[in-house]
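Architecture at a glance
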Amino acid sequence: MPSCTGSGNRRDQLLLLLLAETGFRIGELLGVRYVEDIDYQGCRIRVEPKTDNENEVRAKYEEDRWAKVSKDTFDILLFYYAKYRNLLKESEYLFITLSGKNAGRALTEDAVNAML
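Attention in this report is confined to the structure presented alongside it. (Residues numbered from 1 in each chain as written. Predicted model: local features only at pLDDT ≥ 70, side-chain atom pairs only at ≥ 80, totals over all residues. Heavy atoms only, no water.)

Here we look at helix α3 (residues 71-83)
- With 13 residues, α3 extends 18 Å from end C-alpha to end C-alpha; this agrees with the ideal 18 Å at 1.5 Å per step.
- Those residues of α3 lying buried are Thr73, Phe74, Ile76, Leu77 and Tyr80. Viewed along the axis of α3, the buried residues span an arc of 155°, placing them on a single side of the element. Facing away from the buried side of α3 by more than 90 degrees, the exposed set consists of Lys71 and Asp72.
- If you follow the buried residues of α3, they end up packed against α1 (9-22), β1 (38-39), β2 (44-47) and α4 (85-88). (Helix = DSSP H or I, 4+ residues; strand = E, 2+ residues; numbered from the N terminus. Expected span 1.5 Å × (residues − 1). Buried < 20%, exposed > 50% of the residue type's maximum accessible area, 1.4 Å probe, protein only. Arc of directions from axis to C-beta. Contact = heavy atoms within 4.5 Å.)

What follows is the structure, encoded as structure tokens:
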């Protein structure tokens, strides 16, 4: 696992790995809810079409899609979840803003584009 420092790097690393492994789009991953869209036993993530996402992202297709995630990437997901558990309680989304006045709110596509 690559070494990273800084508050957003585990989140950003996880997002990039999931983009590469799943083929999901940025907006689809930003809509993932950590309770209902992650199969922790099967190491899978679901993209479900929703129209009520706080960050206004949407899935491209109208059906649920599941993607298997590698053990290494899933371990990073679990580390991220454990490290930011208290902040994640502020939102139902897996990807959140980690600092500043919007800490705990769903990460936006604009924020990801600025990071990239």
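With respect to the nonpolar core
- Residues Leu14, Leu29, Ile38, Ile45, Tyr80, Leu94 and Phe95 are the most contacted members of the largest nonpolar core, which totals 28 residues.
- Counting only elements with at least two residues in this core, the list comes to α1, α2 (26-30), β2 and α3.
- Non-local contacts of tyrosine 80, meaning those with residues more than four positions away in its chain, are made with Arg10, Arg11, Leu14, Leu88, Leu94, Phe95, Ile96 and Leu98. (Core = buried A, V, L, I, M, F, W, Y, C linked by side-chain atoms within 4.5 Å.)

Some remarks on the pairing of β2
- With 2 bridges connecting them, β1 and β2 associate as antiparallel partners. Within the sheet, the bridge partner assigned to aspartate 39 lies in β2 and is arginine 44.
- Connecting β1 to the next strand, β2, in antiparallel fashion are 4 residues, including cysteine 43 with a positive phi near 55°.
- Pairing of β2 with strand β3 (residues 65-68) involves 4 bridges; the strand directions are antiparallel. Within β3, the residue paired with arginine 46 across the bridge is tryptophan 66. (Pairing = 2+ DSSP bridges.)

Examining the environment of valine 35
- Position of valine 35 among the secondary structure elements: in the loop between α2 and β1.
- Using a relative accessible area of 66% as the deciding quantity, one classes valine 35 as exposed.
- Sequence separation between valine 35 and glutamate 92 is 57 residues, and the spatial gap between their C-alpha atoms is 7.2 Å.

Observations regarding the sheet that holds β1
- Overall, antiparallel pairing links the 3 strands, which are arranged β1-β2-β3 in an open sheet. Two strands close off the open sheet at either side, each with one partner strand: β1 and β3.

Some remarks on the packing of α1 against α3
- Taken N-terminus to C-terminus, the directions of α1 and α3 make an angle of 150°; their axes are 10 Å apart at the nearest point. The handedness of the crossing between α1 and α3 is left-handed. For the pair formed by α1 and α3, the contact residues are Arg10, Arg11, Gln13, Leu14, Leu17, Leu18 and Glu21 on the first element and Thr73, Ile76, Leu77, Phe79 and Tyr80 on the second.
- Tallied by class, residues from the contact of α1 with α3 come to 7 nonpolar, 2 polar and 3 charged. (Axes fitted to C-alpha atoms, helices over the stretch in contact; angles between N-to-C directions. Left-handed = near helix turned anticlockwise from the far one by under 90°. Nonpolar A, V, L, I, M, F, W, Y, C, P; charged D, E, K, R; others polar.)

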